[in-house]
Amino acid sequence: MSFLVHIQWKTYLTSLFEPHSAMAGAPAASMHGPSAPPANMFDTVPGYEGTVAGGGGGYLPPPMPSVPMPVPEQAPSPDWHIPSISEDRARQAFSTYVSSKCCYSSAPVREGVITNMESFNTYRYRLETFMESRSTEWSQEPYAGQPVDAGVQPAPGPWQIAAQPPAFFQEHKQTIKVPYTSSVKNCHLCLGMGRNPCTTCAGAGNKVCWVCNGSGYRHSDDRCTHCNGRGRENCSSCSGSGSCQCDTCRGKRQLLVFINLNVKWSIEKDDFLAQDSSGLKVEKLEEVSGKELYKDAQYMVYPVRGFPDASVAQASERLVRDHQVKYAQTSRILQQRQTIELIPITKVNYMWKGKPNVYYVYGNEFKVNADDYPATCCCSVM
């Protein structure tokens, strides 16, 4: 180590620690300087003035399109045909449900007479917006001879950099190093020394002997053989040198600093579930899927028109407007998709032993709900 570097290292240590001798006590509370890079470490890059280390600057608004974007096409109104289940299908679902219950008698299934079946279909409207968002952050890595291109020419804008998008409605992330933003700086953590004071021994190179607790003796006048009576032992973390390789620059003393562009493709989704008057608990519908009645996907969709349930059409108009206003501010909308599912609910009224009873068949899975089943045995759990 040269005389100049030796003096610099001594000055660095003095600035970080209180004066102490080789027999000093506990390590100081603060071992390092600030871990976050100072703001003046980064150059000013036109078009990236709000970029900060570690991100957090928010998403960058996309530029206005240079050519007119395609106008959404209004899909033709389909024939809203609502299917219904047969008595046989309802009875079969009921039988499967009862057979899964150990304490339910099958007599109501065999002997019960269906008197009426009512359809209370519920609709689930879903709008999905697939979009691309971009944000930037200053990044760093140990400098080991990588190309340095800051100032060679102006850096391209965040939305001018090409990125390969995934297929529609597939979430993905990509990080791209922004061209012409890379420069070399001295490491801020070790001040360009490549090493930091050891956090275990506070830079002393030794620490209190754990056998004799610093006294130099074990029992009465027996000198401690572990530390040879010194009361201290060499620090195993730094091998007695008092310093360790800097974790930030990995001993290289310099950092390559540059701007990273973070590209995110994501899906924003909103659902609307139309209310029904069947009497079936709404949470039951979360357990089942529905039959897709309608699907429309394009750059931007039109609200659904002419649907039999007015609340669905109103929800479509509201959500389409909300998505296009909200997400176009910070992202580039690539595709939208809207669907309507029919969640079939059939209320089955039947007579058994002269008394009226009810069960429900619902969902594509033909699940059954029969809270007041009339023939249960007296099972008990011991």
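Residues numbered from 1 in each chain as written. Predicted model: local features only at pLDDT ≥ 70, side-chain atom pairs only at ≥ 80, totals over all residues. Heavy atoms only, no water.

K.L.:
Talk me through the pairing of strand β11 (residues 332–343); I want residue IDs and the actual numbers.
P.N.:
Of all 12 residues that make up β11, nine are buried, and the element is covered over most of its length. Pairing geometry for strand β10 (residues 291–298) and β11, over seven bridges, is antiparallel. Within β11, the position partnered with Lys291 by the bridge is Leu342. (Buried < 20%, exposed > 50% of the residue type's maximum accessible area, 1.4 Å probe, protein only. Helix = DSSP H or I, 4+ residues; strand = E, 2+ residues; numbered from the N terminus. Pairing = 2+ DSSP bridges.)

K.L.:
Pulling in residues and values, what's your account of the pattern of salt bridges?
P.N.:
Applying the stated criterion across every chain yields a total of seven salt bridges. For Glu132, the salt bridge identified is with Arg134, shortest N-O distance 2.7 Å. You can call Glu132 buried: its relative accessible area is 6%. The residue Lys367 makes a salt bridge to Glu287 at a minimum N-O spacing of 3.7 Å. Of the two residues, Lys367 is situated in strand β14 (residues 367–369) and Glu287 in the loop between β9 (254–273) and β10; the sequence distance between them amounts to 80 residues. (Salt bridge = Lys/Arg side-chain N within 4 Å of Asp/Glu carboxyl O.)

K.L.:
Before we move on, could you go through the packing of aromatic side chains and cite the residues and values that matter?
P.N.:
Inspection of every chain in the model, using the stated rule, returns 10 aromatic pairs. With centroids separated by 6.1 Å and ring planes inclined at 70°, the aromatic side chains of Tyr97 and Tyr104 adopt a geometry described as edge-to-face. Exposure remark for Tyr97: the relative accessible area of 14% places this residue in the buried category. With a centroid separation of 4.8 Å and 90° between ring planes, the pair formed by Tyr123 and Phe307 is classed as edge-to-face. In this pair, Tyr123 is assigned in strand β2 (residues 122–142) and Phe307 in the loop between β10 and α4 (310–327), connecting sequence segments 184 residues apart. Aromatic rings pair up to connect Phe94, Tyr97, Tyr104, Tyr350, Tyr359 and Tyr373 into one cluster. Just above the ring of Phe366 sits the side chain of Arg89; from NZ or CZ to the centre is 3.8 Å. (Phe/Tyr/Trp six-rings, centres within 6.5 Å; stacked < 30°, edge-to-face > 60°. Lys NZ or Arg CZ within 6 Å of the ring centre and 35° of its normal.)

K.L.:
I'd love a proper account of α4, names of residues and values included.
P.N.:
An α-helical turn contains 3.6 residues, so any two residues separated by three or four positions project in the same direction. Compared with the 26 Å implied by 1.5 Å per residue over 18 residues, the 26 Å span of α4 between its first and last C-alpha is a close match. Of the positions making up α4, those classed as buried are Val312, Ala313, Ala315, Ser316, Leu319, Val320, His323 and Tyr327. The buried residues of α4 occupy an angular sector of 160° when the element is viewed end-on, so they sit on one face. Of the exposed residues in α4, those oriented more than 90 degrees away from the buried face are Gln314, Val325 and Lys326. For α4, the elements touching its buried residues are β2, β9 and β11. (Expected span 1.5 Å × (residues − 1). Arc of directions from axis to C-beta. Contact = heavy atoms within 4.5 Å.)

K.L.:
Now, about the state of the cysteines: what can you tell me, with residues and values included?
P.N.:
Under the definition given, this model contains zero disulfides. Here Cys190 is not disulfide-linked; the sulfur of Cys187 is the nearest cysteine sulfur, at 3.7 Å. In this structure Cys190 comes out as buried when scored by relative accessible area, which is 0%. The thiol of Cys212 is not disulfide-bonded; the next cysteine sulfur, from Cys227, is found 3.8 Å away. (Disulfide = S-S within 2.5 Å.)

K.L.:
I'd like a rundown of empty space enclosed by the protein, residues and numbers included.
P.N.:
On inspection of all chains with the given rule, the structure shows two cavities of 30 Å³ or more. Of all the elements in the fold, those that place two or more residues in the lining of the second largest cavity are α2 (87–99), α3 (107–111) and β1 (113–119). Residues of the lining of the second largest cavity, tallied by class, amount to seven nonpolar, one polar and one charged. (1 Å grid on protein atoms, 1.4 Å probe; cavity = no way out; pocket = protein on both sides within 12 Å on 5 of 7 lines; lining within 4 Å. Points joined across faces, edges and corners; volume = space filled by probe spheres on them. Nonpolar A, V, L, I, M, F, W, Y, C, P; charged D, E, K, R; others polar.)

K.L.:
Lay out unusual backbone geometry with the relevant residues and their values.
P.N.:
In this structure, Tyr180 is a non-glycine residue whose phi angle is positive, near 65°. With respect to the helices and strands, the residue Tyr180 is situated in the loop between β3 (172–177) and β4 (183–186). Relative accessible area serves as the criterion here: at 25%, Tyr180 is assigned to the partly exposed category. One non-glycine residue, Arg250, lies in the positive phi region at around 55°. Secondary-structure assignment places Arg250 in the loop between β8 (243–245) and β9.

K.L.:
With reference to specific residues and values, describe the side chain of Ser316.
P.N.:
Here Ser316 shows up in helix α4. Ser316 sits in the buried class, given a relative accessible area of 0%. Contacts of Ser316, omitting those with residues within four sequence positions, involve Tyr125, Pro303, Val304 and Gln338.

K.L.:
Any details on the side chain of Gln338? Residues and values, ideally.
P.N.:
Counting through the fold element by element, Gln338 comes out in strand β11. There is a polar contact of 2.6 Å between the side chain of Gln338 and the backbone oxygen of Tyr302. (Polar contact = N/O pair within 3.5 Å; in protein donor to acceptor, adjacent residues only side chain to side chain.)

K.L.:
Could you give an account of the sheet that holds β14, with specific residues and numbers?
P.N.:
Strands sit in the order β1-β12-β13-β14 across an open sheet of four strands; the sheet is antiparallel. With partners counted over all chains shown, the strands left at the sheet margins are β1 and β14, one partner each. The mean inter-strand angle of the sheet, taken between neighbouring strand axes irrespective of direction, is 25°. Alignment of strand β13 (residues 355–362) against β14, held across three bridges, turns out to be antiparallel. (Axes fitted to C-alpha atoms, helices over the stretch in contact; angles between N-to-C directions.)

K.L.:
Lay out the environment of Phe272 in plain terms, naming residues and giving numbers.
P.N.:
Mapped onto the elements, Phe272 comes out in strand β9. Through-space distance from the C-alpha of Phe272 to that of Leu127 is 8.8 Å; in sequence the pair is 145 residues apart.

In short, geometric facts, not functional conclusions.
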